[in-house]
Structure formats: structure tokens, C-alpha cells
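Per-entry structural report
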Amino acid sequence: FGLEGLPADDPAPLYLRLQERIRSAIQRGDLRPLDALPGERDIAEAFSVSRVTVRKALAGLVETGLLKQRQGSGTFVAAPPQRVEQPLSRLTSFTEDMHSRGFVSTSRWLKREVSLASPQEAMRLSLSPTETVCRLSRLRLADDTPMAIERATISTRYLPDPNLVGQSLYAVLEERGVRPVRALQRLSAANLGPEEATLLDVPPGSAALSIDRLAFLETGTPIEFTHSWYRGDAYDFVAELTLRR
Ligand code: 16G
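The rules behind the values
Residues numbered from 1 in each chain as written. Predicted model: local features only at pLDDT ≥ 70, side-chain atom pairs only at ≥ 80, totals over all residues. Domains from an automatic or database assignment. Near = placed C-beta within 6 Å. Nonpolar A, V, L, I, M, F, W, Y, C, P; charged D, E, K, R; others polar. Buried ≥ 20, exposed ≤ 12 C-beta atoms within 10 Å, placed from the backbone. Helix = DSSP H or I, 4+ residues; strand = E, 2+ residues; numbered from the N terminus. Pairing = 2+ DSSP bridges. Axes fitted to C-alpha atoms, helices over the stretch in contact; angles between N-to-C directions. Parallel < 35°, antiparallel > 145°, perpendicular 65-115°, else oblique. Left-handed = near helix turned anticlockwise from the far one by under 90°. Contact = placed C-beta atoms within 7 Å. Core = buried A, V, L, I, M, F, W, Y, C linked by C-beta atoms within 7 Å. UniProt positions renumbered as here; feature names shortened; annotations may be inferred.

Domain boundaries in the chain define domain 1 (14-77) and domain 2 (84-238). Centre-to-centre, using C-alpha coordinates, domain 1 lies 37 Å away from domain 2.

Shown next as C-alpha cells:
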């Protein structure tokens with residue numbers, strides 16, 4: 001990408017000018033998603049700048065999400081995830097959603113514990129304050145791309161041990177005869193904080209959907225409360241609307 005040196009008469013700091021070069025190479029398509037950049041030393045030589053300048057320029061572009069760095073394998077142009085269309089009217093699990101699109105769904109456990117229900121959890125799930133709940137926090141991935149962070153709370157009446165959950169929570173609930181059949185879901189727009197952004201592999205402050213799901217059994221008993229962060233650049237939520245006369 002434009003390997004000729006940077007003009008000497010430009011007053012902007014070198015690292016910013018180098019960033020500009022890389023950015024325009026990506027915009028022009030000279031560098032394409034998943035292309036590897038030359039090594040630090042080669043970039044430094046080509047532009048007659050120090051390696052410190054190259055490192056600073058690359059770090060800034062990684063921060064904004066334009067580039068990705070992997071330990072041991074260098075710097076790449078980031079690829080936006082494939083967008084997923086998610087119907088809003090069907091009560092499906094993440095595993096089912098991803099399988100139906102031909103993705104391999106995986107999870108990384110962030111937390112799984114049994115604890116006394118907090119007052120808020122007890123209220124949401126209609127439990128007495130002495131009851132215990134399982135808390136399951138997972139990063140959900142599709143073909144290795146992080147898509148969502150989910151924090152689920154379920155009474156130990158229905159899920160006695162969080163370690164029973166392998167790939168799919170709903171599959172385990174189904175086996176136990178307590179798969180939810182109805183849910184209330186609230187979606188709101190949010191910007192990701194640094195911790196969530198790092199997990200989802202996007203720059204801090206990126207757009208996301210914050211989703212609360214309260215799911216019920218046939219009997220009307222609430223069984224699951226889950227808060228999720230879904231990546232704003234990966235999801236389209238769609239619903240069919242009808243006019244009732
Ligand atoms: C969905 C649900 C989540 C549920 C999970 C179970 C939303 C916003 N959330 O992602 O409430 O816990 O599926 O998935 O749709 P699993 O059976 O693959 O573990």
C-alpha cells in the first residue's frame with residue numbers, strides 16, 4: 001500500500017500520517033479484509049519512520065477496530081461479521097439460531113455459579129429470598145466470531161447445577177421438561193463499555209442492543225431471566241407487523 005515515503009513538509013505527526021495512509025489503502029481496496037500487513041520493520045523502512053511510530057500508528061487503528069492484531073501472527077485488516085437476521089417473534093435459543101444459519105455455535109464461559117437469589121432476581125423470577133439460583137454468563141460465538149454476551153439467571157428448582165449446561169441451556173431445560181414456551185423481551189440501544197467491547201472484539205463505545213428476556217413455562221411461572229448484549233454490527237431484528245381490524 002503506497003510504499004513511497006511520507007512527504008517531509010507535512011506538519012502532522014508521523015504516526016497520524018501513517019495511519020492516514022493505511023486507512024486510505026483500505027478504503028481504496030488496496031488492502032482488503034483479512035489481508036496481512038507487512039511486518040513492523042518493513043513498514044518502518046518503507047516509510048522511513050521508527051518502529052515506535054509504526055507501533056503507535058497500528059495500535060491506534062487496532063483501537064478503532066480497523067485492524068486486528070493476533071499474538072504471533074501479525075496485523076490484519078479487520079473483517080466485519082456477517083449480519084444475522086433474527087426474527088423477533090420466535091422463542092429460540094442461541095444454539096438453534098446459529099445452527100439454522102449454518103454457523104457453528106460455541107460459548108466461552110465467563111461465570112457459572114449457584115448463589116442465593118438477589119432481591120431483584122427473586123422478584124423477577126417469583127422466588128422467595130431464601131431460594132438459590134444458577135447464574136450463567138457466556139460469550140456466544142458463531143464460527144469463532146463473538147456475537148453476544150449473555151447473563152442468565154435460573155432457579156435451582158429447574159436447573160439444580162450450572163455444570164449441567166454443556167452447549168445449550170434450552171436443550172438442558174428441554175431434557176428436564178422445563179423448556180420455556182413464552183417470553184417477554186425488551187430491546188434497547190446501548191454503547192458498549194470497555195469490558196464488554198473487549199469480549200465482543202469491537203472498539204469501546206460501539207453500538208449494541210441491550211436485551212432483557214423473561215421466559216415463562218406453560219403454567220405462567222417465570223423460569224429464566226437473561227440480560228444480553230448483542231453486537232450492533234452483527235444483528236438485524238425483524239418482525240412481521242399486521243393490521244388488526
Ligand atoms: C437466547 C436468549 C437467551 C437464552 C439463550 C439460550 C435472546 C436475547 N436470548 O440467546 O435468553 O438463554 O438463547 O441459548 O434471544 P442456548 O440454549 O444456546 O444456551
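From this point on, the discussion continues.
Moving on, we come to the site of the ligand. Not every one of the 14 residues close to the ligand is listed here, only the nearest: Ser 93, Thr 95, Ser 168, Tyr 170 and Thr 226. By residue class, the composition of the shell around the ligand is six nonpolar, five polar and three charged.

The next subject is the pairing of strand β7 (residues 182-191). Each regular strand carries side chains that alternate between the two faces of the sheet. Little of β7 is tucked away: zero of the ten residues are buried. Two strands pair when backbone bridges link them, and β7 and strand β8 (residues 207-216) are joined in this way by ten bridges, in the antiparallel orientation. Bridged to Arg 182 within β8 is Phe 216.

Turning next to the environment of Glu 240. Among the secondary structure elements, Glu 240 is positioned in the segment after β10 (235-238). Judged by C-beta crowding, with 7 C-beta atoms within 10 Å, Glu 240 ranks as exposed. Remark: the alpha-carbon pair of Glu 240 and Ser 89, spanning 151 residues in sequence, is separated by 8.1 Å.

Reading across the sheet, the six strands line up as β4-β5-β6-β9-β8-β7 and stay open at both edges, with antiparallel pairing between neighbours. Lying at the two open borders of the sheet, with one neighbouring strand each, are β4 (105-116) and β7. Each neighbouring strand pair of the sheet contributes to a mean axis angle of 15 degrees, computed without reference to strand direction. Across nine bridges, β8 lies against strand β9 (residues 222-231) in antiparallel orientation.

With their axes 9 Å apart at the nearest point, helix α2 (residues 40-47) and helix α3 (residues 51-63) run at an angle of 110 degrees to one another. Classified by the angle between their axes, α2 and α3 sit roughly perpendicular to one another. The two elements α2 and α3 meet at a crossing, and its hand is right-handed. When α2 is examined against α3, the residues Glu 40, Arg 41, Ile 43 and Ala 44 are found in contact with a partner set consisting of Arg 51, Val 54 and Arg 55. For the contact of α2 with α3, the residue count by class is three nonpolar, no polar and four charged.

What follows is about the nonpolar core. One finds Met 147, Ala 148, Leu 192, Leu 200, Trp 229 and Tyr 230 to be the most contacted residues of the largest nonpolar core, which totals 14 residues. Contributing elements (two or more residues each) for this core: α4 (94-100), β5 (132-142), β6 (145-155) and β9. Ranked by residues supplied to this core, first place goes to β6 with three residues. Residues contacting Met 147, with those up to four places away along its chain left out, are Arg 140, Leu 141, Ala 142, Tyr 230, Arg 231 and Ala 234.

What follows is about the UniProt feature "domain: HTH gntR-type" (unreviewed entry) in the chain. Mapped onto this numbering, the UniProt entry gives "domain: HTH gntR-type" (unreviewed entry) at residues 12-80. The distance from the first to the last C-alpha atom of residues 12-80 is 30 Å, and the span holds 52% helix and 12% strand.

Another point: unusual backbone geometry. Phi at Asp 143 takes a positive value of approximately 45 degrees, unusual for a residue other than glycine. Along the chain, the position of Asp 143 falls in the loop between β5 and β6. Taking the C-beta count within 10 Å as the criterion, Asp 143 has 14 such neighbours and is therefore assigned partly exposed. The phi dihedral of Asp 144 is positive, around 75 degrees, even though this residue is not glycine. Position of Asp 144 among the secondary structure elements: in the loop between β5 and β6.

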